[in-house]
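Observations on the three-dimensional arrangement
Below, each chain spelled out in residue letters.
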Amino acid sequence: MPDLRPQSALFRLTRTVLQTGLRPQDGEELQLAKNLLNLASSLFAIATLLWLAACLGANSSLPVAGAAAVPLLAGLNLALFARHGHVTLYARVLFGLMLAFPVVTQWLLGPVPAASGLPLWAALAPTSALLCLGVAESTPWFLAFLLLTVAGGLSGSTSGNSAFMALHVTLVASVLYLQLRFAMGRRGKTRERLADAHRQLRQEQERSERLLLNILPAPIAARLKDNSVTIADGHPEVVVMFADIVDYTRIASGMTPPAVFEMLNRIFCRFDELSGHHGLERIKTIGDGYMVAGGLHAHPIEAHAAMAALALDMQSTLRDHEFTDGLALEVRIGIASGPVVAGVVGRGKFIYDLWGDTVNLAHRLCTEGEPSVIQCDSHTFERLRGAFVFAKPVLLLLKGKGYVPVYRLRNPRIFAVPPPKKSPTPAAA
């Protein structure tokens, strides 16, 4: 449940500052870098103003007004970044101000007790660069910090023992920086390994998706991933086709097992291409049998017409002796339409299958058919008679059905355009 409590003004201000300069097209890494830079700029400006206010409270005669220009410039830099959005320029100005603050303030205050720890402020530049931009970008700022601190110690510009003060600051800041650098480097490598693992996981998921879609229709695969409940749907109007290769056992007996597999694989892959072209769903193969259905899910065209066109294309494919390597192959086909139940059977090794009288009828029309004949039931005939040519119906005795009228599909119907009528010629005088 979202938090509906009113947000404080401080919270809204902080969120606005952190999101300064962000663009919709920024990636996650760039957004994080901008957030960190905005946070570093804000905290640096606030901290320096507080320190200058404390110095002024302790000694009102200290010339701290000039040093206040540094945090004000940091605020101006943030405001300009909101307009131009250039991260590199923004970061360089910010880190330069962090290095300049102790130098400018020391020069204005001189050797007073309040300025004794000023060199430590310069360590903000390399550490902020390390946290905001990464290891490589922080190296020049760390070297600049070392050079500035050592130069200040040798010049005696700080109060007290300048050389030892510079030594303390350099050693402490270096230990802190190197620890952070090591941690950031390890974090970067960990993130690279994690990104590589995520990339491999996405590739495996895509591979699994492809394999799943080779087994199940896309809508069923989506439902199976969302939940593990039993999937069984009733469909009032589905067209089902069974096809098998005539005399397959005899043909295969004279071939080597690899040759048999290569032949069936080539034929069924071609049938799969044709099924997909017509928007139909291959359900399964059983030996040399091939089962297809249409109307189970959204269909771009009329499923019965698509099934009839597929059956004719399958016959045409096997008549191409170049495709069959010279083998004289024929196919029996049975098509029936009506209500079916469709669902997923099994858990570990599942299969999408159809049940019902329509499925049984299509199978029997196939097995009781003749070579190179497409047999359809009366319901399919009524749906196709306007677009396809059928032979005269025959009565076929089917097991469990008795005598059933069967219609044999020939070819698509060609509607001839009648010739224009001739105008009567005038009678000869």
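Above this text you will find the structure in question.
Everything in this summary refers to the structure shown in the same document. These numbers come from a predicted model, not from an experiment. (Residues numbered from 1 in each chain as written. Predicted model: local features only at pLDDT ≥ 70, side-chain atom pairs only at ≥ 80, totals over all residues. Heavy atoms only, no water.)

Quick word on the side chain of Asp 377
We count it as follows: Numbering of helices and strands starts at the N terminus; helices are DSSP runs of H or I of at least 4 residues and strands are runs of E of at least 2. Think of it in three bands: with a 1.4 Å probe and only protein chains considered, a residue is buried below 20% of the maximum accessible area for its type, exposed above 50%, and partly exposed in between. Under this rule, positive means Lys or Arg and negative means Asp or Glu; His and the chain ends count for nothing. We define a salt bridge as a contact between a side-chain nitrogen of Lys or Arg and a carboxyl oxygen of Asp or Glu at a distance within 4 Å. In what follows, residue pairs with any heavy atoms lying within 4.5 Å of each other are defined as contacts.
Considering the arrangement of structural elements, one finds Asp 377 in the loop between strand 6 (374-376) and helix 13 (378-384). Despite its burial, Asp 377 pairs with no opposite charge, the nearest such side chain being Lys 401 at 8.5 Å. If we ignore the near neighbours within four places in the chain, the residues touching Asp 377 are Ile 335, Ala 336, Ser 337, Leu 361, Leu 365 and Tyr 407.

Section: helix 5 (residues 124-133)
Counting buried residues along helix 5, seven of its ten residues qualify, which places the element largely inside the surrounding structure. Turning to helix 5, its buried residues number three or more, namely Ala 125, Pro 126, Thr 127, Ser 128, Ala 129, Leu 130 and Cys 132. Following helix 5 by one or two positions, Gly 134 has its phi on the positive side, about 115°.

A look at helix 11 (residues 303-319)
Threshold: The span you would expect from a helix comes to 1.5 Å times its residue count less one.
Here helix 11 contains 17 residues, and its C-alpha end-to-end distance of 25 Å stays within 8% of the 24 Å for a straight helix at 1.5 Å per residue. Helix 11 sits mainly inside the fold: twelve of its 17 residues count as buried. Of all the residues in helix 11, the buried ones are Ala 303, His 304, Ala 306, Met 307, Ala 308, Leu 310, Ala 311, Leu 312, Met 314, Gln 315, Thr 317 and Leu 318.

A look at unusual backbone geometry
Backbone geometry places Asp 325, a non-glycine residue, at a positive phi of 55°. Take Asp 325: it is sitting in the loop between helix 11 and strand 4 (331-345). Positive phi values are uncommon outside glycine, yet Ser 372 reaches one of about 60°. If you trace the backbone, Ser 372 turns up in the loop between helix 12 (357-367) and strand 6.

Focus: the pairing of strand 3 (residues 289-294)
To be explicit about the condition: By this definition, two strands are paired if DSSP reports at least two bridges between them.
Counting buried positions along strand 3 yields six of six residues, so the element is predominantly enclosed. Because side chains alternate across strand 3, one face comprises the buried residues Gly 289, Met 291 and Ala 293, and the other comprises Tyr 290, Val 292 and Gly 294, equally buried. Note that strand 2 (residues 281-286) and strand 3 share five bridges and pair antiparallel. Paired with Ile 286 across the strands is Gly 289, a residue of strand 3.

Examining a nonpolar patch on the surface
What counts, and what does not: Residues enter patches when they are more than 30% accessible in relative terms and free of salt bridges; like-charged ones are connected within 9 Å and nonpolar ones (Val, Leu, Ile, Met, Phe, Trp, Tyr) within 5 Å. Shrake-Rupley sampling with a 1.4 Å probe provides the accessible areas, and residues are treated as covered by the protein chains on show and by no other component.
A contiguous nonpolar surface patch, about 300 Å² in accessible area, is contributed by Val 341, Val 345, Ile 351 and Trp 355. Mapped onto the nonpolar patch, the elements with two or more residues apiece are strand 4 and strand 5 (351-355).

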